[in-house]
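An overview of the molecular structure
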Amino acid sequence: MPRFMSPLRPRYMRSPSDIPREGLQITPTPQPAAPANTNNGSDETEEPQYPETVCASEGTFRQIRDDSLVLLSQGISHRLIRSEEGPFQIFILPEHEDRARVQLALYRKENPPKEENPPLPLSFSLQPLWVLLAPTIVTLIDFTDKVNFHTRGISDASKVLKGEWFRSFTAQTLHGDVRHLASNILCGYIVMNMITFRIPLLRLAPFIAIASAVANLCVSLTVQTHFRSLGFSTFVFAAIGCLSVIEFRLMPKETHGLLRRFAPLCGAASLAVFLGLGENADILGHAYGFIAGLFCGFIPNKKSLRWGTPLSSADGIGLLFFYGLYIAAWKMAFN
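Residues numbered from 1 in each chain as written. Predicted model: local features only at pLDDT ≥ 70, side-chain atom pairs only at ≥ 80, totals over all residues. Heavy atoms only, no water.

1. With respect to the pattern of salt bridges
Summed over the entire model, instances satisfying the criterion amount to 7 salt bridges. Where Asp66 meets Arg65, a salt bridge forms, and the shortest distance between an N and an O atom there is 3.7 Å. A relative accessible area of 27% places Arg65 in the partly exposed class. A salt bridge links Arg198 to Glu247, with the nearest nitrogen and oxygen atoms 2.9 Å apart. Placement of the pair is Arg198 in the loop between α7 (178-195) and α8 (201-223) and Glu247 in helix α9 (residues 233-249), with a sequence separation of 49 residues. One exposure class covers both Arg198 and Glu247, and it is buried. (Salt bridge = Lys/Arg side-chain N within 4 Å of Asp/Glu carboxyl O. Buried < 20%, exposed > 50% of the residue type's maximum accessible area, 1.4 Å probe, protein only. Helix = DSSP H or I, 4+ residues; strand = E, 2+ residues; numbered from the N terminus.)

Listed below in C-alpha cells is the structure:
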C-alpha cells in the first residue's frame, strides 16, 4: 500500500520538483521502448509521465494540515506542496476531486475556517530610506542657501490655483528647519517600514506621492488665499492612511463587532490626529493626506498582501518613477 504524506513533516518546504509523489496512487504511463542510440552510446531513458493532478484546497499550513487529515480519514490520496505565491496547496487525482471537495465542504460546514492574520516579527528595511532620500537631499541643499528652493517650490495656494500645480510636489521635499526634517524622517520611516511587512514599499511610493500632491491641491482649493505650506508630513499621513486600509483588508471577515473589525482604521485615525495637531501644523494637509492615502491601500492585490511579496528588480521601476515625479516638478519650478 502506498505511503501517505504526513502533513506534519517538513517536506512541504520543498519545491514541487523536489517532492516525491508519495501518497498518490500513481502508475507511470507505459512508454514504448526507446531505440538504442548508437551514435553516442548513451543509455538514457525517458522519465515516466505522471497523470495530471488538480488543486483541491489552498490556504495556510494550519488549514491545509486540517484538510489533509480529513482526506486521510477518508482514504483519499493527496500531495502537499507550497506554491511560489506563498499559500500551501493540496493536489489530488482528478477522479477523486468530487469526493474530496464534498468531504472538505462537510468538514468546513461543521468547522468554519477562520482567516488568519498573525502578527509579524519586527524587522527593519532599507526601502523607506530610498524614499526619504528625496526630501532629505533637497532640504539639505536648501539649507545651504546656495539655491533659492523656498520661493520656487513652496506650496502657495494662490500660485497653485493660478496653474503652478507642480508646487504640490516640490513642497513635499522642503522643510522649515532641522527639527521639522528630523520629525518627518523618523515618523516616515516607522510608518513606511510597517508597509514593507505586507508589500514592497517601492511599488506604492509613486502612488502615495501622487496622493500627497492631490492632498496639497485640495488644501489650496479649500483655503484659496495666500496660504503657504511645506514638508514631507503630507506624504507620511498618506502612508498612514494606506497602511490602515491594507490592515483593514486583512482583518478576518468573521471578526465579531464593528469596533474590532474597523480597529486598523480607528487606530490609524487616532494616530493621525495625535501626530497631526500641533503648533504651526498643516492640519488640512494632514487630513487630506490621510484621506487620499486611504485609496492607495486598495491598489495592491489582497492575495499578495496576505502571503507577502518579495522585493524584485522590477520594483526599481517604481523607485525611478517616484524620483521622476519630483525631478519633473522641480524642473518645471525652475523654468
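Picking up where we left off.
2. Thoughts on the packing of aromatic side chains
Scanning the entire structure with this criterion turns up 10 aromatic pairs. Judged by centre distance (5.7 Å) and plane angle (50 degrees), the rings of Phe322 and Tyr323 are tilted. Here the two residues Phe322 and Tyr323 agree in accessibility, since each one is buried. A network of ring pairs unites the aromatic residues Trp165, Phe169, Phe232, Phe235, Phe322, Tyr323 and Tyr326 as a single cluster. (Phe/Tyr/Trp six-rings, centres within 6.5 Å; stacked < 30°, edge-to-face > 60°.)

3. Overview of the nonpolar core
Buried together is how nonpolar side chains tend to be arranged in soluble globular proteins. Grouped together as the largest cluster of nonpolar side chains are 46 residues, with contacts concentrated most on Val131, Met192, Ile195, Ile208, Phe232, Phe235 and Phe322. Secondary structure elements with two or more residues in this core: α3 (127-143), α7, α8, α9, α11 (263-276), α12 (283-296) and α14 (315-333). Other than its neighbours up to four places away in sequence, Phe322 contacts Val131, Ala134, Ala205, Pro206, Ala209 and Phe235. Among the nonpolar cores identified, the runner-up in size contains 11 residues, and Leu80, Phe88, Ile92 and Leu104 belong to it. (Core = buried A, V, L, I, M, F, W, Y, C linked by side-chain atoms within 4.5 Å. Contact = heavy atoms within 4.5 Å.)

4. So, the environment of Phe91
Examined against the element boundaries, Phe91 turns out to sit in strand β3 (residues 88-92). C-alpha separation for the pair Phe91 and Thr53, spaced 38 residues apart in sequence, amounts to 5.8 Å.

5. Regarding the sheet that holds strand β1 (residues 54-59)
Taken in spatial order, the 3 strands make up an open sheet running β1-β3-β2, and their pairing is antiparallel. Two strands close off the open sheet at either side, each with one partner strand: β1 and β2 (79-82). Averaged over all pairs of adjacent strands, the angle between strand axes in this sheet comes to 30 degrees, irrespective of strand direction. Two elements, β1 and β3, share 5 bridges in a ladder whose sense is antiparallel. Residue pairing in the sheet places Val54 in a bridge with Ile92 of β3. On the sheet, helix α1 (residues 61-73) packs against β1, β2 and β3 and is oriented at approximately 25 degrees with respect to β3. Against the sheet, helix α2 (residues 97-110) contacts β1 and β3, and its axis sits at roughly 20 degrees relative to β1. (Pairing = 2+ DSSP bridges. Axes fitted to C-alpha atoms, helices over the stretch in contact; angles between N-to-C directions.)

6. Brief notes about the confidence of the model for the protein
Here the protein shows a mean pLDDT of 80. Residues at 70 or above account for 79%. Under a pLDDT of 50 for its full length, residues 1-31 has, in the predicted model, 58 contacts with residues more than four places off or in other chains. (pLDDT = per-residue confidence, 0-100.)

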